[in-house]
Amino acid sequence: DLIVTGVQTCALPILLKLLRNVDLSIFLPFMLLNIIVFFLADLFSFGWSYKRFNVPDISWRELMTVRGGPYLVQIGLAPLAEVLFPLYMYRVKHVPISHTLSSNLWAFIIDLSAILSFITPAVIYNIFVDTLIPDIGMTWLILCAVFWLLFIGNIFFWRTDTGKRLAVKSDKDMSPDDGSSEPGRNRGILKTFTQAEIKDYAVVSCVRLVLWRSFIIANYAAVRAVGMNPPRSPAVIGMP
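I will try to describe carefully the structure that is included in this document.

What counts, and where the lines are drawn
Residues numbered from 1 in each chain as written. Predicted model: local features only at pLDDT ≥ 70, side-chain atom pairs only at ≥ 80, totals over all residues. Heavy atoms only, no water. Salt bridge = Lys/Arg side-chain N within 4 Å of Asp/Glu carboxyl O. Helix = DSSP H or I, 4+ residues; strand = E, 2+ residues; numbered from the N terminus. Buried < 20%, exposed > 50% of the residue type's maximum accessible area, 1.4 Å probe, protein only. Expected span 1.5 Å × (residues − 1). Contact = heavy atoms within 4.5 Å. Patch = residues over 30% accessible without salt bridge, like charges linked within 9 Å, V, L, I, M, F, W, Y side chains within 5 Å. Areas by Shrake-Rupley, 256 points an atom, 1.4 Å probe, with all protein chains shown as cover. Axes fitted to C-alpha atoms, helices over the stretch in contact; angles between N-to-C directions. Parallel < 35°, antiparallel > 145°, perpendicular 65-115°, else oblique. Left-handed = near helix turned anticlockwise from the far one by under 90°. Polar contact = N/O pair within 3.5 Å; in protein donor to acceptor, adjacent residues only side chain to side chain.

Counted by the stated rule, this structure contains 5 salt bridges. Close ionic contact of D200 with R52 constitutes a salt bridge, the shortest N to O distance being 3.1 Å. Separated by 148 residues along the polypeptide, D200 in helix α10 (residues 198–225) and R52 in helix α2 (residues 24–53) bring together distant segments of the chain. R52 gets classed as partly exposed once you look at its relative accessible area, which sits at 33%. Linking R208 and D111 is a salt bridge whose minimum nitrogen-to-oxygen distance equals 2.8 Å. Of this pair, R208 sits in helix α10 while D111 sits in helix α6 (residues 97–128), placing them 97 residues apart in sequence. You'll find R208 and D111 in the same group, each marked buried.

Turning next to helix α5 (residues 78–93). For α5, with 16 residues, the first-to-last C-alpha span of 23 Å sits near the 22 Å given by 1.5 Å per residue. The inward-facing, buried residues of α5 contact α2, α3 (60–68), α4 (71–76) and α6.

This next bit is on a nonpolar patch on the surface. A contiguous nonpolar surface patch, about 880 Å² in accessible area, is contributed by V73, L77, L80, V83, L87, Y90, I97, L101, L105, F108 and I189. Listing elements by their share of the nonpolar patch, those giving two or more residues are α5 and α6. Relative to the helices and strands, L101 resides in helix α6. Classification of L101 by relative accessible area gives partly exposed; the value is 37%.

Before going further, it helps to spend a moment on unusual backbone geometry. We note that H94 has phi near 60 degrees; this positive angle belongs to a residue other than glycine. Relative to the assigned elements, H94 resides in the loop between α5 and α6.

Attention shifts here to the packing of α3 against α5. Relative orientation of the contacting elements α3 and α5 amounts to 140 degrees, with a least axis distance of 9 Å. With respect to each other, α3 and α5 are oriented oblique. Crossing handedness for the pair α3 and α5: right-handed. Of the residues in α5, those touching α3 at E62, V66 and R67 are F85, Y88, V92 and K93.

What follows deals with the side chain of N54. Looking at the secondary structure, you find N54 in the loop between α2 and α3. Given the relative accessible area of 14%, N54 is considered buried. A distance of 3.5 Å separates the side chain of N54 from the backbone oxygen of H99, its partner in a polar contact. In this structure the side chain of N54 is engaged in a polar contact, spanning 2.8 Å, whose partner is the side chain of S103. N54 has contacts with S49, M89, V95, H99, T100, S103 and K191, leaving out every residue within four places of it along the chain.

Listed below in structure tokens is the structure:
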């Protein structure tokens, strides 16, 4: 504890000095732009999936409230904010919680693919071009390859008859007396996956790619704002 306290005591003046020297003319505009991009990307990915797969007649204005409202809660307790989305859809729009979770999970997986779209080239660059970080080696490349195989396989699997049958059999929400004559109408947690078309993946992927590009630009701007000018290799590998 004494060592940790000593390190913190020594680091604090250095941090304060660093912050005093930040070029806010670079830092603030890029951070404000990143906040706007984040909100719009959130709206047109997670919010869009609600409109596409759960409540087609929900307005974009309401979606702004649904996605943007819990942001203040997210600052203090992020998991609680994630609970608010399904609860709102359930109580106000009468959407089963499993269906909202399905849309969230679907968008989250696409978000992972957007992240890996930047990480994978960085890993390849680090291994085969300029080994800046020795610990990032072939294991990382194999894990990236496994992710992409699973992600692409996921897109096509749920479009097959086998995938759709599996989704219906694993459904926990179906009621035998719900009056529905449409087989597999309610697919629970897998609902969005079985309904999503390739164009849906393309739309949300483009949105999340824009967001993560914004994150990288904002981080690079932050580095420049404190007086650093990283060479190409650290920027290409370190930022992602």
